[in-house]
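One-letter residues, chain by chain:
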Amino acid sequence: MSKPVRPARAVRPVRPVLVVIAHGSRDPRHAATVHALVRRVRAERPGLRVETGFLDFNIPSVQGVLESLAAEGVRDVVALPLLLTRAFHAKADIPAVLREAPSRLRIRQAQVLGPSPLLLRSLERRLYEAGLTPADKSSTGVVLASAGSTDPEAIAVIAAIAREWRHTGWCAVRPAFASASLPRTEDAVRELRALGCERVAVAPYVLAPGFLPDRIARGAAEADVLADVLGPAPEVARLLLERYDEARVPALAAVGA
């Protein structure tokens, strides 16, 4: 009598490694904040392997991380730009680095983080942590202060976010830029004062401390409230995982997962 044949057990596809690509900075607070965010991402999804690589100033480099993964036998990677807008780094620098990756790696580049409702929630979280309450919204003008860019697409996105955020109940919202574009943070603060806002708050639309965030802070000297950078806010961690999942969907479809 022949033994019954057991059905083959389905083999679950190996999840791609998430490689978070950060800009890097000479300011040690930058890397510390990036690592804190990555730790939160790992805590949000245990079992997902998450690595961090830097474009400049910090180690490990993106290239070094990718070479190490290839040497271990990793095949699939999702490369996630830790960027809020799709400007030069996302369009040129990161694709150039990924083209130099070991050929055995299959790499999918995820979309940049912004825009996203999760980022608006994290901005409000930081404002409330700085002392505001939801009851203050209608009397408070907010400066949405970003690092700035020479890319018109990135500037347009920041302006659109400010318009969208205004419709959630704030007295007024004005974009500002620490470099490359105008207005500067201090000018936007004065504009909101002139509009008659009872108080003015500055919300840095940046992920980690550094040279340009410090410039934003100096520009907020005449504001009533200065929020912290987005950093490892839980909404930002969830957004990283959202972008990761979006990028790996084609791979899942290919194996029938």
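For clarity, every value in this text was computed on a predicted model and none was experimentally measured. Per chain, the residues get numbers from 1 upward, laid out in the order the sequence is written. Restriction of local features to residues with pLDDT of at least 70 applies here, the model being predicted, together with a cutoff of 80 or more for giving and counting side-chain atom pairs; totals for whole chains, interfaces and linings are based on all residues. Computation of side-chain values: all heavy atoms of the structure, hydrogens and water removed.

If you had to explain the sheet that holds strand E2 (residues 50-54) to someone new, which residues and values would you point to?
Read from one edge to the other, the open sheet built from four strands follows the order E2-E1-E3-E4, with strand pairing classed as parallel. Every other strand in the sheet has two partners, leaving E2 and strand E4 (106-109) as the edge strands with one partner each. Pairwise comparison of adjacent strand axes, ignoring direction, gives a mean angle of 25° for this sheet. Note that strand E3 (residues 76-81) and E4 share four bridges and pair parallel. Bridge assignment links Ala-79 to a residue of E4, and that residue is Gln-109. Strands are treated as partners if at least two bridges between them are detected by DSSP. Counting from the N terminus, the helices are DSSP H or I runs at least four residues long and the strands are E runs at least two residues long. To get an axis, a line is fitted to the C-alpha atoms, and for a helix only the part in contact is used. The angle between two axes follows their N-to-C directions and goes from 0 to 180 degrees.

Explain the nonpolar core to me, and be specific about the residues and the numbers.
Side-chain atoms within 4.5 Å link the members of a nonpolar core, which is a set of buried Ala, Val, Leu, Ile, Met, Phe, Trp, Tyr and Cys residues. Classification of residues uses two cut-offs on accessible area relative to the type maximum, computed with a 1.4 Å probe and protein chains only: under 20% is buried, over 50% is exposed, and between them is partly exposed. Core analysis: the largest hydrophobic core is formed by 47 residues, its most contacted members being Leu-113 and Trp-165. Of the residues forming this core, the biggest block, seven residues, is contributed by helix H8 (residues 234-254). Contact criterion: two residues are considered in contact whenever any of their non-hydrogen atoms come within 4.5 Å of each other. Trp-165 has contacts with Leu-120, Leu-123, Glu-124, Leu-127, Val-142, Leu-144, Trp-170, Val-173 and Ala-203, leaving out every residue within four places of it along the chain. Ranked by size, the runner-up nonpolar core spans 18 residues in total, among them Val-17, Ala-79, Leu-83 and Val-112.

Let's hear about the pattern of salt bridges: which residues, and what values?
Take a side-chain nitrogen of Lys or Arg and a carboxyl oxygen of Asp or Glu: if they are within 4 Å of each other, that pair is a salt bridge. Following the criterion strictly, the structure yields 20 salt bridges and no others. Between Arg-29 and Asp-214 there is a salt bridge, and its shortest N-O distance comes to 2.9 Å. In this pair, Arg-29 sits in helix H1 (residues 28-44) while Asp-214 sits in helix H7 (residues 211-219), placing the two residues 185 residues apart along the sequence. Note on Asp-214: relative accessible area 30%, which makes it partly exposed. Here Arg-106 ties to Asp-76 by a salt bridge, and the two come within 2.7 Å at their closest N and O atoms. With Arg-106 in strand E4 and Asp-76 in strand E3, the pair connects residues that are 30 residues apart, well separated along the chain. Arg-106 gets classed as partly exposed once you look at its relative accessible area, which sits at 45%. For Asp-76, a relative accessible area of 24% translates into the label partly exposed. Several salt bridges share partner residues, and in doing so they unite Arg-86, Lys-91, Asp-151 and Glu-153 into one network.

Would you mind going over the environment of Ile-155 in detail, with residue names and values included?
Secondary-structure assignment places Ile-155 in helix H5 (residues 152-166). C-alpha of Ile-155 to C-alpha of Ala-172: the two residues are 17 residues apart in sequence and 18 Å apart in space. Non-local contacts of Ile-155, meaning those with residues more than four positions away in its chain, are made with Ser-149, Phe-177 and Ser-181.

I'd like to hear about the pairing of E2, residue by residue, with values.
Remark: a regular strand shows side chains that alternate across the two faces of the sheet. Of all five residues in E2, four are buried, a share of seventy percent or more. Sheet topology places strand E1 (residues 17-22) next to E2; five bridges connect them, and they run parallel. For Ala-22, the partnering residue across the bridge sits in E2 and is Phe-54. Think of it like this: strands point away, you trace from the first strand over the helix to the second, and a clockwise trace means the crossover is right-handed. Handedness of the crossover joining E1 and E2 through H1: right-handed.

Explain the packing of helix H4 (residues 117-129) against H5 to me, using residue names and the numbers behind them.
One way to put it is that H4 packs onto H5 with a least axis distance of 12 Å and a crossing angle of 65°. As the angle between them shows, H4 and H5 are arranged roughly perpendicular. As H4 packs across H5, the resulting crossing turns out to be right-handed. Between H4 and H5, the contacting residues are Leu-120, Leu-123, Glu-124 and Leu-127 on the first element and Ile-161, Glu-164 and Trp-165 on the second. Ten residue types, Ala, Val, Leu, Ile, Met, Phe, Trp, Tyr, Cys and Pro, are classed as nonpolar, four, Asp, Glu, Lys and Arg, as charged, and the remainder, Gly among them, as polar. Broken down by class, the residue content of the contact of H4 with H5 amounts to five nonpolar, no polar and two charged. For classification purposes, an angle smaller than 35 degrees is called roughly parallel, one larger than 145 roughly antiparallel, one from 65 to 115 roughly perpendicular, and anything else oblique. Note: crossing handedness is left-handed where the near helix turns anticlockwise from the far helix by less than a right angle, and right-handed where it turns clockwise.

Tell me about the sheet that holds strand E6 (residues 172-177), residues and numbers included.
Taking strand neighbours across the sheet as the criterion, the four strands line up as E6-E5-E7-E8 in an open arrangement whose pairing is parallel. Sheet topology places E6 and strand E8 (225-226) at the edges, where each strand pairs with a single neighbour. Here strand E5 (residues 140-146) runs beside strand E7 (residues 199-204); their pairing, made up of six bridges, is parallel. Directly across from Gly-141, in E7, lies its bridge partner Val-200. In this fold H4 packs onto E5 and E7, with an angle of close to 125° to the strand it touches most, E7.

These values are about where atoms sit, not about what they do.
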